[in-house]
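Understanding the architecture of this molecule
Here is what each chain is made of, one letter per residue.
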Amino acid sequence: MGAGIVKRSVSIAGHRTSISLEEPFWQILREIAEREKLSIQALIGRIDAERGEQNLSSAIRVFVLMDLRNR
C-alpha cells in the first residue's frame, strides 16, 4: 500500500474543489462510503459540513482515523 499523495477533484455543495490525501486515506474513505451506502462525494460533503474551521483534508484524515478507532 503506497503512501503517496493523490489529488482528486470532487464537487461539494455545488462547487468543484481538489483534495490531496495519501492513498491509504482514499482507500479507507471508499470503504466507509461503501459501508454507509454513500458516494465518496456525499461522504466528503458530510465531513465538509461538520468540519468548522478545520482544513478539509485534515478533517477527512481525522474522520477516517476516528472511524477506524471506533470499529
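Worth saying up front: this structure is predicted, and the values here are computed from it rather than measured. Chains are numbered independently. Their residues run from 1 in the order of the written sequence. With the structure being a predicted model, the display of local features is reserved for residues of pLDDT at least 70 and the display and counting of side-chain atom pairs for 80 or more, all residues being used for whole-chain, interface and lining totals. To obtain the side-chain values, all non-hydrogen atoms of the structure were used and water was disregarded.

What follows covers the environment of Asp 48. For the purposes of this entry, the term helix denotes a DSSP run of H or I that reaches at least four residues, the term strand denotes a run of E that reaches at least two, and both are numbered from the N terminus. Tracing the backbone shows Asp 48 in helix H2 (residues 40–50). Throughout, a contact is declared for two residues whenever any of their heavy atoms are within 4.5 Å. Setting aside chain neighbours within four positions, we find Asp 48 in contact with Ile 12 and Leu 56.

What follows concerns the packing of aromatic side chains. Note on ring pairs: Phe, Tyr and Trp rings are taken, using the six-membered ring of Trp, and paired if centres are within 6.5 Å. Classes follow the plane angle, with under 30 degrees stacked, over 60 edge-to-face and the rest tilted. Evaluated as defined, the whole model comprises zero aromatic pairs. Directly above the ring of Trp 26 sits Arg 8, whose terminal nitrogen or CZ lies 4.8 Å from the centroid. In this arrangement the basic side chain of Arg 61 is found over the ring face of Phe 25, its NZ or CZ atom lying 5.9 Å from the centre. Cation placement over rings: the criterion is NZ of Lys or CZ of Arg within 6 Å of the ring centroid and within 35° of the ring normal.

What follows is about the nonpolar core. Ranked by internal contacts, the top residues of the largest apolar core, which has 18 residues, are Ile 19, Leu 29, Ile 44, Ile 47 and Ile 60. Elements supplying a minimum of two residues to this core: strand E1 (5–12), strand E2 (15–22), helix H1 (23–35), H2 and helix H3 (56–70). A total of six residues in this core trace back to one element, the largest contributor, which is H1. Leaving out residues up to four positions away in the same chain, Ile 60 has contacts with Ile 19, Leu 21, Leu 29, Ile 44 and Ile 47. We call a set of buried Ala, Val, Leu, Ile, Met, Phe, Trp, Tyr and Cys residues a nonpolar core when their side-chain atoms join them within 4.5 Å. Relative accessible area decides the class of each residue, using a 1.4 Å probe on protein chains only: under 20% of the type maximum gives buried, over 50% gives exposed, and in between gives partly exposed.

A word on the pairing of E2. Here the rule is simple: two strands pair whenever DSSP picks up at least two bridges between them. Note that E1 and E2 share eight bridges and pair antiparallel. In the strand pairing of E2, Lys 7 is matched with Ser 20. Hairpin remark: E1 followed by E2, antiparallel, with two residues in the connecting loop; positive phi at Ala 13, about 50 degrees.

UniProt positions are given in the numbering used here, feature names are shortened, and annotations may be inferred rather than shown by experiment. The positions UniProt marks with the feature "domain: Ribbon-helix-helix" (unreviewed entry) are residues 6–67. Annotation note: span residues 6–67, helix share 58%, strand share 24%, distance between end C-alpha atoms 21 Å.

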